[in-house]
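Chain and residue survey
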Amino acid sequence: MWDRNEMAARAAKEIRDGMYVNLGIGIPTLVSNFIPKNLDVTLQSENGMLGMGPFPKERYVDPDLINAGKQTITELDKTSYFSSADSFAMIRGGHIDMAILGAMEVSENGDLANWMIPGKLVKGMGGAMDLVSGVKRVIVIMDHTNKKGDSKLLKKCTLPLTGRGVVDSLITNYGMFEIISEGIKIIEIADGASLEQIKAATEGNLVI
Amino acid sequence: MNKVFPSAQEALDGLVFDGMKIAAGGFGLCGIPEELIAAIKLLKVKNLVIASNNAGVDDFGIGILLETRQVKKMISSYVGENAEFMRQYLSGELELEFNPQGTLAERMRAGGAGIPGFYTKTGVGTIIAEGKEHKEFNGISYILEEAFVADLAIVKAWKGDPEGNLVYRKTARNFNPNAATCGKTCIAEVEEIVPVGSLDPDHIHTPGIFVNRIIQGEHEKRVENMTLTE
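Residues numbered from 1 in each chain as written. Chains lettered and ligands numbered in written order. Predicted model: local features only at pLDDT ≥ 70, side-chain atom pairs only at ≥ 80, totals over all residues. Heavy atoms only, no water.

A word on the sheet that holds strand S5 (residues 117-120) of chain B. All names here are of chain B. With antiparallel pairing, the 3 strands of this open sheet are ordered in space as S5-S7-S6. Bordering the open sheet on either side are S5 and strand S6 (134-137), each of which pairs with just one other strand. Averaged over neighbouring strand pairs, the angle between their axes works out to 40° when direction is ignored. Examined bridge by bridge, S6 and strand S7 (residues 140-146) share 4 bridges and lie antiparallel to one another. Residue Phe137 lies in a different strand from S7, and its bridge partner there is Ile140. Docked against the sheet, helix H5 (residues 101-113) engages S5 and S7, running at close to 150° with respect to S5. (Pairing = 2+ DSSP bridges. Helix = DSSP H or I, 4+ residues; strand = E, 2+ residues; numbered from the N terminus. Axes fitted to C-alpha atoms, helices over the stretch in contact; angles between N-to-C directions. Contact = heavy atoms within 4.5 Å.)

Structural data, given as structure tokens:
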């Protein structure tokens, strides 16, 4: 079974040299810790920055320099800044190679729900709907089941969608999966997890 | 024409009215027009419709206008950090229209560019698309989103000159250039008003034609989520 860091590390293995990548809030943010140093990868932050650096030391904190999670960050030599409209021209226009984001539910045909639970506090979709509709490859990182043990890989999402048929790949604590036309294809099983466990914890159609 | 005003309140003189539509720049608490928001609070205008990516926090940013019940409706993409906002929204006192972040930015951009609407893939197949015109281009479905034109745009820049030319700093740029264009009138507040000619014309982000009034202000620039290395 993979923990948060192992899931992030697995996602990082999908990143190739030269890619422009947008990382979501939560576990996806950890992915940047696992990108091999020999790869030239540029991180985009949708609030208007390309070439995002690491979190700052205290003396370098700049209130004018934050990421989309409103966290303080740093710039790099290659950094550029731009308006929100330009930022989403990059995203919607298909110029970003990969987005890695969290989810509440994913369906066997790649529908994604990650922004709203009816009856609970709704915070908003932020840039998630734009990202999933525009970025070339969308990778979701999430736990395979919810706290009650119910599958989050479903035949059909029960929550309001962020996008329809938008998920390409999925990384859970049980392994790595791809959404193909027949369903959820197992690509890799995490150490300590078993096929039987995955079958039992997956409601959507598994392709083995 | 003199665009330079001595204070936020004087810059707002004659421009505010109950029920007006305002476009505000800023992302979280970064690059928000702090002094103009504070002055709008003092002017006590009500039933405001505000398009802004976020709604501030309880005691800072647009949050201070929620505290005084001056806002009728927010058009935002994410409002997670504001308890008073949630209270008013859940009790039905405040209307909320969620826009995907890129759609909100493009609505402002289009509004400023004289484009009444645009088709986007964002939100297709979700509740955002309900009731909106759908159209196929090359076999892909898009929805029609309408431009946003504000009675007043309020923006924050780093430096500006008396012509209204603006330069933003780092990620404090965000929605500001887009908001600036979509107001029938735009007021910019800057950290420093510099003499005409001292900004490099090649490096101006918002040309002065979009800015009607400009003030120099003192900015707290509060950090919302301090995150340090190690």
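Here we come to the layout of surface pockets. Residue and element names in this part refer to chain A. In this model, the second largest pocket occupies a volume close to 800 Å³. Lining of the second largest pocket is provided by 30 residues; of these, Ser32, Asn33, Leu43, Gly53 and Pro54 occupy positions nearest its centre. Of all the secondary-structure elements, those providing two or more residues to the lining of the second largest pocket are helix H2 (27-30), strand S2 (42-45) and strand S4 (75-81). The residue inventory of the lining of the second largest pocket, partitioned by class, reads 15 nonpolar, 11 polar and 4 charged. (1 Å grid on protein atoms, 1.4 Å probe; cavity = no way out; pocket = protein on both sides within 12 Å on 5 of 7 lines; lining within 4 Å. Points joined across faces, edges and corners; volume = space filled by probe spheres on them. Nonpolar A, V, L, I, M, F, W, Y, C, P; charged D, E, K, R; others polar.)

So, about the side chain of Thr171 of chain B. Note that Thr171 of chain B resides in the loop between strand S9 (166-167) and helix H6 (176-181). Note on Thr171 of chain B: relative accessible area 1%, which makes it buried. Dropping the residues within four chain positions of it, Thr171 of chain B is found in contact with Asn47, Gly48, Met49, Asp64, Leu65, Ile66 and Tyr81 of chain A together with Cys30 of chain B. (Buried < 20%, exposed > 50% of the residue type's maximum accessible area, 1.4 Å probe, protein only.)

Counting residues at the interface gives 47 residues for chain B, matched by 44 residues for chain A. Summed over both partners, the interface of chain B with chain A comes to about 3,900 Å²; 61% of that surface belongs to carbon and sulfur atoms. Sorting the residues of chain B by area buried against chain A places Phe27, Lys170 and Thr171 of chain B first, and these three jointly supply 16% of that buried surface. If you look at where chain B meets chain A, you find 4 salt bridges. Put simply, the parts of the chain that give the side of chain B that touches chain A at least two residues each are helix H4 (83-90), H5 and H6 of chain B. Top element by residues in the side of chain B that touches chain A is H5 of chain B. It accounts for 6 residues. (Buried area = accessible area lost by both parts, 1.4 Å probe. Salt bridge = Lys/Arg side-chain N within 4 Å of Asp/Glu carboxyl O.)

Moving on, we come to the pairing of S7 of chain B. Residues and elements named next belong to chain B. Note that S5 and S7 share 4 bridges and pair antiparallel. Bridge pairing in S7 links Phe118 to Glu145. As consecutive antiparallel partners, S6 and S7 are separated by 2 residues, and within that stretch Asn138 has a phi angle of approximately 50°, a positive value.

Here the focus is H5 of chain B. All names here are of chain B. The end-to-end C-alpha separation of H5 is 18 Å, in line with the 18 Å expected for 13 residues at 1.5 Å each. Most of H5 sits out of view: 10 of its 13 residues are buried. Those residues of H5 lying buried are Gln101, Gly102, Thr103, Leu104, Ala105, Glu106, Arg107, Met108, Ala110 and Gly111. Gly114 lies just past H5 and shows a positive phi near 75°. (Expected span 1.5 Å × (residues − 1).)

Take the confidence of the model for chain B next. On average, residues of chain B carry a pLDDT of 96, and 100% of them reach 70 or more. The ipTM, which scores confidence in the relative placement of chains, is 0.97 for this predicted complex, and the corresponding pTM is 0.97. (pLDDT = per-residue confidence, 0-100.)

Of the pairings in the sheet, the one linking strand S1 (residues 20-23) of chain A to S2 of chain A comprises 3 bridges and is parallel in character. Residue Tyr20 of chain A lies in a different strand from S2 of chain A, and its bridge partner there is Thr42 of chain A.

Residue and element names in this part refer to chain B. A complete count under the given rule lists 3 aromatic pairs over all chains for this structure. Members of the aromatic cluster, connected to one another through ring pairs, are Tyr119, Phe137 and Tyr142. Note that Lys159 overlies the ring of Trp158, its terminal NZ or CZ placed 4.5 Å from the centroid. The aromatic ring of Phe60 is capped on one face by Arg222, whose charged end is 4.4 Å from the ring centroid. (Phe/Tyr/Trp six-rings, centres within 6.5 Å; stacked < 30°, edge-to-face > 60°. Lys NZ or Arg CZ within 6 Å of the ring centre and 35° of its normal.)

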